[in-house]
Amino acid sequence: MERISHWIGGKVVPGESGRSGPVYNPATGVQTHEVDFASTDELDAAVQTAKEAFQSWRSTSLSKRADVFFRLRELLEQTKPELARIVSEQHGKVISDAMGEVQRGLENIEFATAIPNLLKGGFSEQVSTGIDVFSIRQPLGVAAGITPFNFPAMVPMWMFANAIACGNTFILKPSEKDPGASMFVAQLLKDAGVPDGVFNIVHGDKVAVDAILHHPDIAAVSFVGSTPIARHIYETGTANGKRVQALGGAKNHMVVLPDADLDMAADAAVSAGYGSAGERCMAISMVVAVGGIGDELVAKIAERLPSVKVGAGDEEGVEMGPLVTRAHRDKVASYLESGPAQGATLVRDGREDDVSARDGFFLGVSLLDHVTTDMDAYRDEIFGPVLGVTRVETYEDAVRMVNENPYGNGVAIYTRDGGAARRFQFEIEAGMVGVNVPIPVPVAYYSFGGWKASLFGDNHMYGPEGVQFYTRGKVVTQRWPDPSTSTVDLGFPRTR
């Protein structure tokens with residue numbers, strides 16, 4: 001069994017805790033690797049390595065840091081197919097989707113190449129006689145990232161690109177379900193010229209996470225995952241004096257108004273609901289049909305579902321792969337029992353597809369209609385290929401439904417009416433809004449994050465807010481007087 005170990009100080013370091021976990025190929029159900037789980041002492045060793053590397057890295061010129069990221073970008077471009085293959089084999093998503101994930105992560109590397117411009121401060125000359133004031137942003141120290149299984153290549157790039165470019169050192173705790181992608185990227189970082197100790201990987205479970213949250217030498221923690229864990233990460237990390245951004249779960253709605261192009265809306269619902277097997281926090285999980293369009297919209301969605309080809313990620317023409325583990329597959333499938341039991345209509349049961357009988361962790365595309373807000377299928381983040389449809393009478397009902405939902409990650413509206421779209425983006429309580437765009441994930445030079453129970457902390461992920469998160473401001477007031485006229489003044493500083 002191939003072993004996946006830690007990456008500390010620029011090299012692979014075998015685990016010594018005696019604890020490990022299995023890594024599967026979700027398409028076959030076969031275990032392919034064993035990943036080491038770190039002890040508290042092993043996490044501390046990584047932190048001390050990163051702490052030591054920080055002193056020289058923070059002093060590295062901005063132009064040299066930018067140069068490292070330019071080289072990393074080229075290496076990622078050259079190795080995208082190989083990295084996508086690793087993602088597909090351990091996560092299960094199809095190759096085309098994995099390639100898209102790597103490309104979106106690469107955008108964050110490109111953003112980091114602009115770090116000399118991103119860290120420019122402000123300057124005010126002659127605020128008082130002979131006195132100038134300027135502002136700068138400086139790195140925090142050792143930062144850590146705890147990332148989920150669903151985007152094992154992209155989400156780490158959301159974090160470490162800005163963190164390292166800003167002059168911090170970084171410790172990544174990737175998901176233990178698919179850790180291979182992060183190890184591949186670690187070698188690319190080394191090849192690009194990132195000094196040893198600046199980027200480290202510690203694998204593990206709750207032991208490693210808790211060690212990160214309590215370690216006194218870790219200044220900042222970034223997290224993406226479920227809302228209960230995000231809340232725990234935020235509360236524990238901040239209680240220990242850390243800066244924390246913790247992105248939680250989602251229940252993303254796609255509101256379809258009566259004037260919408262229903263074919264376009266149906267295409268979008270299928271793409272956004274079942275892409276990556278629904279295992280993404282920006283997936284559309286609820287379609288909100290407004291007015292009398294429900295029957296027609298559901299019919300259009302249902303007629304598209306038989307053509308969605310499900311299979312192993314490397315199979316020709318496959319559009320959706322398996323779920324990440326058997327336990328998760330079974331949990332997702334349980335909503336096909338509880339939904340009808342609570343009054344929903346099961347339009348399509350993915351358990352009946354031939355692919356569900358294969359050895360891997362497969363579940364066919366599934367559709368629930370007449371879902372209401374008191375059902376588990378509405379309240380829970382299913383995180384799988386189960387799309388729900390709910391019906392409301394008016395635009396106001398749809399907005400109320402979205403705004404009353406505890407999550408506020410992403411939302412979309414489909415309409416031909418620009419005024420309605422303008423009103424929607426103004427009134428809706430969510431961090432990311434799509435107008436005739438089903439998955440409005442921002443480009444790398446904006447920032448990603450939701451509202452309400454989808455985000456704990458003050459800064460969204462990556463982009464300009466990422467730079468702000470990984471730095472702290474300092475204002476310098478300076479005076480260079482003529483020594484011959486220098487006098488002592490014990491009064492309060494004045495500007496007039």
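All values derive from a computational prediction rather than experimental measurement. (Residues numbered from 1 in each chain as written. Predicted model: local features only at pLDDT ≥ 70, side-chain atom pairs only at ≥ 80, totals over all residues. Heavy atoms only, no water.)

## Here's the deal with the packing of helix α13 (residues 395–404) against helix α14 (residues 418–427)
Step number 1: The contact between α13 and α14 brings their axes to 11 Å, and the two run at 25°. Classified by the interaxial angle, the pair formed by α13 and α14 is roughly parallel. Pair α13 / α14 crosses with right-handed handedness. Residues Y395, E396, V399 and N403 of α13 form the contact with α14, whose own contacting residues are A420, R423, F424 and E427.
Step number 2: Looking at side-chain class alone, the contact of α13 with α14 contains four nonpolar, one polar and three charged residues. (Axes fitted to C-alpha atoms, helices over the stretch in contact; angles between N-to-C directions. Helix = DSSP H or I, 4+ residues; strand = E, 2+ residues; numbered from the N terminus. Parallel < 35°, antiparallel > 145°, perpendicular 65-115°, else oblique. Left-handed = near helix turned anticlockwise from the far one by under 90°. Contact = heavy atoms within 4.5 Å. Nonpolar A, V, L, I, M, F, W, Y, C, P; charged D, E, K, R; others polar.)

## A short note on the pattern of salt bridges
Step number 1: Summed over all chains, the structure comprises 29 salt bridges.
Step number 2: With its nearest N and O atoms 3.2 Å apart, the salt bridge here joins R104 to E107. Taken together, the positions of R104 and E107, both in helix α3 (residues 95–112) and three residues apart, correspond to about one turn of that helix.
Step number 3: By relative accessible area, R104 is classed as partly exposed at 27%.
Step number 4: In the salt-bridge network here, residues are joined through shared partners; they are R73, E74, E77, K80 and E110. (Salt bridge = Lys/Arg side-chain N within 4 Å of Asp/Glu carboxyl O. Buried < 20%, exposed > 50% of the residue type's maximum accessible area, 1.4 Å probe, protein only.)

## Some remarks on the pairing of strand β7 (residues 131–139)
Step number 1: Inspection of the sheet shows strand β6 (residues 123–128) paired to β7 by three bridges, in the antiparallel sense. The residue bridging S128 from the neighbouring strand is I131, located in β7.
Step number 2: Hairpin remark: β6 followed by β7, antiparallel, with two residues in the connecting loop; positive phi at G130, about 75°. (Pairing = 2+ DSSP bridges.)

## What to know about empty space enclosed by the protein
The rolling of a water-molecule-sized probe over the atoms marks out the regions of remaining empty space.
Step number 1: Overall, the coordinates contain five cavities of 30 Å³ or more when judged by the stated rule.
Step number 2: Together, 16 residues line the largest cavity, and G278, R280, A283, S285 and F383 are the ones closest to its centre.
Step number 3: Residues that form the lining of the largest cavity fall into these classes: eight nonpolar, five polar and three charged. (1 Å grid on protein atoms, 1.4 Å probe; cavity = no way out; pocket = protein on both sides within 12 Å on 5 of 7 lines; lining within 4 Å. Points joined across faces, edges and corners; volume = space filled by probe spheres on them.)

## Remarks on the sheet that holds strand β20 (residues 432–435)
Step number 1: Strand order in the open sheet made by the seven strands is β15-β16-β17-β14-β13-β19-β20, with mixed pairing throughout. Each of the sheet's edge strands pairs with one partner strand only, and the pair in question is β15 (345–348) and β20. Taken pair by pair, the neighbouring strands of this sheet meet at an average axis angle of 20°, ignoring direction.
Step number 2: Of the pairings in the sheet, the one linking β15 to strand β16 (residues 366–369) comprises three bridges and is antiparallel in character.

## Quick word on the sheet that holds strand β4 (residues 19–25)
Step number 1: Strand order in this open sheet of three strands is β1-β5-β4, and the pairing throughout is mixed. Every interior strand has two partners, whereas the edge strands, β1 (2–4) and β4, have only one. The average angle at which neighbouring strand axes cross in this sheet is 35°, direction not considered.
Step number 2: Two elements, β4 and strand β5 (residues 30–37), share seven bridges in a ladder whose sense is antiparallel. Within the sheet, the bridge partner assigned to P22 lies in β5 and is E34.

## Considerations on the packing of aromatic side chains
Step number 1: Inspection of the entire model under this criterion finds twelve aromatic pairs.
Step number 2: A centroid spacing of 6.1 Å and a plane angle of 10° characterise the contact between F123 and F134, whose relative ring orientation is stacked. With a gap of eleven residues between them, F123 in strand β6 and F134 in strand β7 connect regions that are remote in the sequence.
Step number 3: Classification of F123 as exposed rests on a relative accessible area of 51%.
Step number 4: F134 sits in the partly exposed class, given a relative accessible area of 22%.
Step number 5: Residues Y234 and F456 carry aromatic rings whose centres are separated by 6.3 Å and whose planes lie at 35° to one another, so their mutual orientation is tilted. With a gap of 222 residues between them, Y234 in helix α8 (residues 227–239) and F456 in strand β22 (residues 455–456) connect regions that are remote in the sequence.
Step number 6: You can call F456 buried: its relative accessible area is 13%. (Phe/Tyr/Trp six-rings, centres within 6.5 Å; stacked < 30°, edge-to-face > 60°.)

## Examining the side chain of N409
Step number 1: Within the element layout of this structure, N409 appears in the loop between β18 (407–408) and β19 (410–414).
Step number 2: The class of N409 is buried, set by a relative accessible area of 2%.
Step number 3: Only 3.2 Å separates the side chain of N409 from the backbone oxygen of C281, close enough to count as a polar contact. (Polar contact = N/O pair within 3.5 Å; in protein donor to acceptor, adjacent residues only side chain to side chain.)

## Topic: the nonpolar core
Burial of nonpolar side chains together is a common tendency in soluble globular proteins.
Step number 1: With 67 residues, the main nonpolar core has F160, F170 and F199 as its most contacted residues.
Step number 2: Per-element accounting of this core gives the leading share, ten residues, to helix α5 (residues 154–165).
Step number 3: Leaving out residues up to four positions away in the same chain, F170 has contacts with A143, A144, G145, M159, F160, A163, I164, V198, F199, N200 and Y470.
Step number 4: By size, the runner-up hydrophobic cluster in this structure holds 33 residues, among which are A268, A277, V308 and Y414. (Core = buried A, V, L, I, M, F, W, Y, C linked by side-chain atoms within 4.5 Å.)

## A closer look at the packing of helix α2 (residues 62–91) against α3
Pairs of packed helices are described in terms of their axes, by the angle between the two and the distance that separates them.
Step number 1: At a closest axis distance of 8 Å, the pairing of α2 and α3 adopts a crossing angle of 160°. By the angle between their directions, the pair α2 and α3 is classed as roughly antiparallel. Two packed elements cross with a definite hand, and for α2 against α3 that hand is right-handed. Residues F69, L72, R73, L76, E77, K80, P81, L83, A84, R85, V87 and S88 of α2 pack against I95, A98, M99, E101, V102, Q103, L106, I109, E110 and A112 of α3.
Step number 2: Tallied by class, the residues present in the contact of α2 with α3 amount to 14 nonpolar, two polar and six charged.

## Here's the deal with the layout of surface pockets
Step number 1: Estimates place the volume of the largest pocket at around 900 Å³.
Step number 2: Lining of the largest pocket is provided by 36 residues; of these, F149, F223, G225, S226 and I229 occupy positions nearest its centre.
Step number 3: Elements with a contribution of two residues or more to the lining of the largest pocket: α7 (206–214), β11 (218–224), α8 and α11 (326–341).
Step number 4: Of all the elements, α8 adds the most residues to the lining of the largest pocket, at four residues.
Step number 5: Taken together, the residues that form the lining of the largest pocket break down as 15 nonpolar, twelve polar and nine charged.

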